[in-house]
Structures are given as C-alpha cells and as structure tokens.
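Listed below are the residues making up each chain.
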Amino acid sequence: MIPKTNPLENINEALACVARIKREYGWLHVREMATAFERFPILQTLFARTPHLYFSPQPGEQKRIWATPRKKILLTSGANRSGKTEQGTAFTLHATLDALILKTMPALASVVRENGPAFPPLTPKPGRSLLIWVVALTSELARLLAEEYYLRLLPDPAVIPWKAINKAQSTPDYIDIHYPGDKDLKGPRWARIQFKTAEQGREKFQGARIDFAHVDEEIPKDVWRETLVRTADYQATILFTFTYLKGLTWAYDELYVPIVKGRKPTWEYFKLSLDKNEALSRGARDEIIASIPEHERPARVHGEITLAPANITYYPPNNISALPRKVTDPSARLDITPAGEEVAGAPAPNGPLLLWELPVPNERYVIGADPAGGRAQEGDPACAAIFRPNAGEKGRFVGFFHARCYPEEFGRALAAIGSLFNNAPIAVEANTHGTTTLRTLENLRYRNLVRQIKRNQLALDEADRPGIYNSRSTRTDILAALNNYLAANPVIPWAEAIREISSFIVNTTKDRAEAAKGAHDDIVFAMCYALLADPRFSNNAAFAIAAPLNHNTKTDDNSPITRMVNDAIHANNQNPRADRHSIITPW
C-alpha cells in the first residue's frame, strides 16, 4: 500500500515524482502516473485543471509529431488503440490555447514550454477570434470526439472560461473559449472549436476561413478538398488522424504518395502502431491484436497505409492482401483517338493507354476487354487489359486502356490496340454492350477474337460466337482465372487496378463476388478475360475457349483496320509504316 500524503503538502516532491517518470520513460507513463496520483492527490487537482498541458506524447512517432514545426498537413495513420485521436486532440488544444495561457497566466508558462509541441501556438487576427474545425465522418463520431476527447482535455472553466453550445441536444455544435476572468462569457471570444461532419455535405463547409483543422478518420474527397480550400487565407494547418481501412482511395493518391515521394516538403507523414502503445499493458495489446484478423493487421495493428483495405471481405480472401506492394508510374502513354464518324453527336474520346513496357515485335499478347455503355460519369468505364503470357514464369500485365466511351468507339480503340500489340487475340465480354463492340471489330475485319466454344448452360447458337459470356453460371469460372493468377503473388503495377481488386467483395446477401458499393469492376473483368485464354489460369474442363488465330496473322493492307491505325495512331508521323515505338510519348 502506497502511503498517501496530505494533499496540500509536498507539492515540490509530487512534481519531482512527475519529473522522474518523464525522465525515466520519456513520457508521463500512464500506469506510473496512476501510482503517482494515488501517492500525491494534489497532482490530480493540478492535472485536472489544465489536462491538455500535461498530455505527454510517447517516445517514437508521437514525440516526432510533437517535435515537428509548423507544416501545412500533418498526415497521421494510426492503428486502433494507438492513441492517434487523443494525441490529435491534445495537439489541437495546444495550438488553440497555448498563446492565450502564455499571455494571461505567466505561472503556467514553464509548463507550456516544457510539454507543448514545437508547433507555434495560434493567435487571433485583429478583430476576430480563432476558428478551429474538428471534422468527423458522422454525427455519432463527432459526438464521441467532443465528449470523450475534447471536453475531457479542455481546461477547467474556472481557469479558462468556455461553454459548449448544443443546438440539437446531442453533439456540441461548437465550444466557445473566452479570456480568463470572463466568467459571464460576455466579453470577446478567444476561439471557437466547431464540430463538423462529412455527412453534412461539402456545401456546409463553404465560405469559412479557418485557423486550424483536426480531421479524424478518412472523409470523402469533396469534403476534404473544401476543407483544404478553407485553410488558404490564413495558411492554416490540417492535422489528419485516421486508420487506413478503405484501400487505395483518394487519400493514398493525393496525400500519402506526394509525401513519400518528396513532392510536398510542407507536408509530413507519421505512423502510430498499437504494438508500441505503452499506455496499454503487454497483455492488453496481445489480446487486442489476437482479435484482429491477420489480413487487417497492417492497418489496424501497425498503422500502415496498405494497398488493400482492412474492412471488407476480399475475393479471393487469401490472395488480395498478399499482393506485392509495388505500384509504379507507367513508363509510357499513348493517346488513342479512334478514327471514324462521331457517335451520338459527340467526338471520339482520347482514352489513355497506359503502358509499363513497349510492345515487343513478334511477342505474343492477349487483351481482355470489358465494354461500357457510354460516357456518363456515373457509369463504368470501358477497360482493356494487355497481358504478356511469356513474361516471367506466370506472365504479367503490361498495359491498360481505361476510358468512358461508347461500344463502337471502344471497338475501334481495341482494333488499334490489338494492331499495336502484334494483332493480339482480344477476349471481349459479349454481354449487352459487348455485342456492339464485337460487331465493330468484325466490321473492321479484326480477325483475332477469342471465341467461347462450349458451355453446357449456353444455347447451341451461342456456343461458337466471338466473345465471353458472363452469366450466373460462368461468373465463378471467369473470376477463378484472376484468382489463380493472383495466387502466384504477381506484381500489379497500376494503382487503379489494385484499388479495384481490393474493393471487390463477397456479397453474402447475394452470395456472389462483386464490386463494393460505389466501386467499379471493369478492370477486374478485363483482367479475367485476358487470362481466360491461358490454360495456366483458366479452368478448361469447365470453360473452354476456342483457340484464336495465330498472333502473327496479318491484316489486309487495304482493310478498314489498317487505314484506321494509320489515321489514328500514326497521325503525327509522315510515314504510316514507321516503327510503332515512334508513337509512344513519355508519361
């Protein structure tokens, strides 16, 4: 039993105990501080009156956040129970309150300087108060942020007067902070901490000029961009704390990649892990880790930004999470503008063909194609995936065409791409819009079309037509080809492909694999169709594919496809028979 002391005695001894804990552990260790509180009750009073001043970051990444000077964006990916939200709250309150404390309470100046972050405290512009945003995904999460973090770490109102304003009798809409001594809260306001939610929509984020923002968890891109715009006037900082659960989203492309590639020197990235959270006992950490599925642990235990999300059921569950983390920029880009008449009064699209290697003469390629219905932004794009079967042990995808276009336009683009890749066999989905794409290819006399020749459930007149029929009876076999390919742990170089594979889930209600709500599946199926013609990955016993014509089959010099290739691909070259590499431009 630790002997208690008189709460009004030995204050110096109590503070010396705190200093010893900080010196030995590098921070105010939670369990050691609990012992100190029991021995010196006066400490509880001191800490309770200005709790944010005594928040102590743990050694490692938390302390690195505390030591970082002013930056535009502080991106913090953290595991569950890593302390990311608490340290984010304490950091925000330091930024909001420390200048006020230094200005009006000199007795606490040494505590501010010793425990505060290197980030310079904020001061209001003349004639206005500070405006701090705390942004959450939902009103429920905003309520949790307010009650469990901000209201708990705010100073005692007797020290710094403040009042939480609740318009809807639930989550505080904002907290108004006044100058010390303003007990009636009628004088000038020092700061307003305003709680906002992404579910309010981006319109509710317009018009304001903010001094600081704490964004907790990943919000929609439009809300993020609106928040970023609001920081422009005062060059405000955004502290973004989140657990990376959604896979390759906008946050990966627009925040993480620019930071790690050194493109944004005023942005900083931090990673907080559960297994290094000393606020929890080793036993508690082990228990939490054991409860988390293995494929979710990179994000939820180690705080990593991973290429696969952690909150969905994968298809297939054991392979997607194992994909090598190697996403690279394409080495070249070809803008294909299919020649021919305009469709529905709109010009043909400039859909990008992204290449990770240039076509090799006389090499065999296979192209899988998933057509689309048009150019509507809400619809699926059309996609062609170019597979090189003889590259390495299992082959690899070397390029993708991805654009919103009409089926006729896609057919012309496929003919051009196939010609570029040595008249490669093209496996086109024959459902709905695919019939128009296939008819366009046949009218252009493109000869290398993969044909499905046998499937018990197909009618006889469907058994030997060009194209792949994706139906309830064939869907599993089609997806099995990609499943088998992924089992070899190939490198998928395109981030967009990884993103789409990662958002392909098992819908237990429908009992089938499909794109998650709001996601697309065109890249997934284009890759599947490219692999179906390869016996290493397709289940030939259940799904037979007719042998396409040899890849060296020549197209008539006077055929529409030859003229289209000359017009569309070689448009900027005086010699229509020039080396095809000449039409590749650097990415």
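Residues numbered from 1 in each chain as written. Predicted model: local features only at pLDDT ≥ 70, side-chain atom pairs only at ≥ 80, totals over all residues. Heavy atoms only, no water.

> Which residues make up the packing of helix α14 (residues 475-486) against helix α16 (residues 522-532), and what are the values?
Taken N-terminus to C-terminus, the directions of α14 and α16 make an angle of 85°; their axes are 8 Å apart at the nearest point. With respect to their mutual orientation, α14 and α16 come out roughly perpendicular. Between α14, through Arg475, Asp477, Ile478, Leu479, Ala481, Leu482 and Tyr485, and α16, the contact on the second element is made entirely by Val524, Phe525, Met527, Cys528, Tyr529, Leu531 and Leu532. Taken together, the residues of the contact of α14 with α16 sort by class into 12 nonpolar, no polar and two charged. (Axes fitted to C-alpha atoms, helices over the stretch in contact; angles between N-to-C directions. Helix = DSSP H or I, 4+ residues; strand = E, 2+ residues; numbered from the N terminus. Parallel < 35°, antiparallel > 145°, perpendicular 65-115°, else oblique. Contact = heavy atoms within 4.5 Å. Nonpolar A, V, L, I, M, F, W, Y, C, P; charged D, E, K, R; others polar.)

> Help me get a handle on the side chain of threonine 243, residues and values and all.
Within the secondary structure layout, threonine 243 lies in the loop between β7 (237-242) and α9 (250-260). One polar contact links threonine 243 to lysine 84, side chain to side chain, over a distance of 3.1 Å. Residue contacts for threonine 243: discarding those within four places in its chain leaves Gly78, Ala79, Asn80, Lys84, Glu217, Ala299 and Arg300. (Polar contact = N/O pair within 3.5 Å; in protein donor to acceptor, adjacent residues only side chain to side chain.)

> Hey, could you go over the confidence of the model for the protein for me, with residue numbers and the actual values?
With 77% of its residues at a pLDDT of at least 70, the protein reaches an overall mean of 79. Of the regions scoring below 50 in pLDDT, residues 337-351 engages in 39 contacts with residues more than four places distant in sequence or in other chains. (pLDDT = per-residue confidence, 0-100.)

> Now, about unusual backbone geometry: what can you tell me, with residues and values included?
Residue leucine 185 is not a glycine yet carries a positive backbone phi of 55°. Summarising the element assignment, leucine 185 is placed in the loop between β4 (174-178) and β5 (189-197). Positive phi outside glycine occurs at asparagine 423, with the angle close to 55°. Note that asparagine 423 resides in the loop between α12 (407-420) and β14 (426-428). Among the residues examined, asparagine 423 registers a relative accessible area of 13% and is labelled buried. (Buried < 20%, exposed > 50% of the residue type's maximum accessible area, 1.4 Å probe, protein only.)

> How would you sum up the sheet that holds strand β8 (residues 267-272)? Please name residues and give values.
Taken in spatial order, the eight strands make up an open sheet running β3-β4-β5-β2-β6-β7-β1-β8, and their pairing is mixed. Both outer strands of the open sheet, β3 (162-165) and β8, are each paired with one neighbouring strand and no more. Going from strand to strand, the sheet's axes swing by 15° on average, the running direction of each strand aside. Two strands pair when backbone bridges link them, and strand β1 (residues 73-78) and β8 are joined in this way by six bridges, in the parallel orientation. Within the sheet, the bridge partner assigned to glycine 78 lies in β8 and is leucine 272. Helix α8 (residues 221-230) rests against β1, β2 (130-136), β6 (212-216) and β7 of the sheet, and its axis sits at about 150° to β7. (Pairing = 2+ DSSP bridges.)

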